[in-house]
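# Coordinate inspection notes
The primary structure of each chain is shown beneath.
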Amino acid sequence: MIGKKKESNDLTEIKSILAEGLKIEGNVCAEGKIRIDGEIIGDIKGNYVILGETAKVKGNILAESIIIMGNVEGNINSHEVEIKVYGRVKGDINTQKLSIEPGASINGAVKSGSFYEKSELNSSTEITE
């Protein structure tokens, strides 16, 4: 329609992309959906985090939803975690909903479903800005 502004959908629109070949040393805090294909040495805090197949994270992740196709060395606190076939997590996972595809790798303790401890989001693993 003419003159009608298209509304953006925060659940589908990726607001930030950290491309393959980009390396960040330090914490990352993002609103909305972020896709990471590069390397981060530091903690990540965001609403919706997507780690592509080339992503490498050495740090904790705190987010509402996370899709992991790359490598994570650190603890994860999230309402929803989805680990795809090539995803690798070396650290503890605390989540309400957990989905793991065959071929994914996890080395750490997992708390999910009724064992999910929401209060941990406010504990020492919280990422400071």
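Looking only at helices and strands, the chain features zero helices and 13 strands. The secondary structure elements of the chain, listed N-terminal to C-terminal, are β-β-β-β-β-β-β-β-β-β-β-β-β. Evaluated residue by residue, the chain yields a buried proportion of 36% over its 129 residues. Of the contacts made within the chain by residues no fewer than 6 positions apart, 9% connect residues no fewer than 24 positions apart. Accessible area for the chain stands at about 7800 Å²; split by element, carbon and sulfur atoms hold 47% of it.

Before going further, it helps to spend a moment on the pairing of strand β11 (residues 93-100). For strand β9 (residues 76-83) and β11, the ladder comprises seven bridges, and the chain directions are parallel. Residue pairing across strands places Asn77 opposite Asn94, the latter belonging to β11. As defined by bridge partners, β11 adjoins strand β13 (residues 110-112) across three bridges and the pair is classed as parallel. Residue Asn94 lies in a different strand from β13, and its bridge partner there is Lys111.

Take the sheet that holds strand β12 (residues 105-107) next. Strands sit in the order β2-β4-β6-β8-β10-β12 across an open sheet of six strands; the sheet is parallel. Each edge of the open sheet is held by one strand with a lone partner, namely β2 (23-25) and β12. Pairs of neighbouring strands in the sheet enclose a mean axial angle of 5°, with direction left out of account.

One pair of aromatic rings is described through two measures. These are the centre distance and the angle between the planes. Scanning the model with the defined rule gives zero aromatic pairs in all. Here the guanidinium or amino end of Lys33 rests over the ring plane of Tyr48, the centre of that ring lying 4.5 Å away.

Another aspect to go through is the nonpolar core. Ranked by internal contacts, the top residues of the largest apolar core, which has 21 residues, are Ile36, Ile44, Val49, Leu51, Ile61, Ile68 and Ile76. Of all the elements in the fold, those that place two or more residues in this core are β3 (28-36), β5 (44-51), β7 (61-68) and β9.

The rules we used
Each chain carries its own residue numbering, running from 1 in the written order of its sequence. Since the coordinates come from a predicted model, pLDDT governs what is reported: local features require at least 70, and pairs of side-chain atoms require 80 or more to be given and counted, while whole-chain, interface and lining totals use all residues. Excluded from the side-chain calculation are hydrogens and water; included are all heavy atoms of the structure. Secondary structure is summarised from DSSP: a helix means a run of H or I of at least four residues, a strand means a run of E of at least two, and numbering begins at the N terminus for each. Burial classification: accessible surface area is computed with a 1.4 Å probe over protein chains only, and a residue below 20% of its type maximum counts as buried, one above 50% as exposed, and the rest as partly exposed. Working rule for contacts: check all heavy atoms of both residues, and any pair within 4.5 Å makes them a contact. Throughout, the Shrake-Rupley method with a 1.4 Å probe supplies accessible areas, and for residues the shown protein chains are the sole cover considered. In this scheme, strands are said to pair when DSSP sees at least two bridges between them. What counts as an axis is a line fitted to C-alpha atoms, over the stretch in contact for a helix, and the angles between N-to-C directions run from 0 to 180 degrees. For this analysis, a ring pair means two rings from Phe, Tyr or Trp (six-membered ring only for Trp) whose centres lie within 6.5 Å, classed as stacked if their planes differ by under 30 degrees, edge-to-face if by over 60, and tilted for the remaining angles. Cation placement over rings: the criterion is NZ of Lys or CZ of Arg within 6 Å of the ring centroid and within 35° of the ring normal. In this text, buried Ala, Val, Leu, Ile, Met, Phe, Trp, Tyr and Cys residues form a nonpolar core when linked through side-chain atoms within 4.5 Å.

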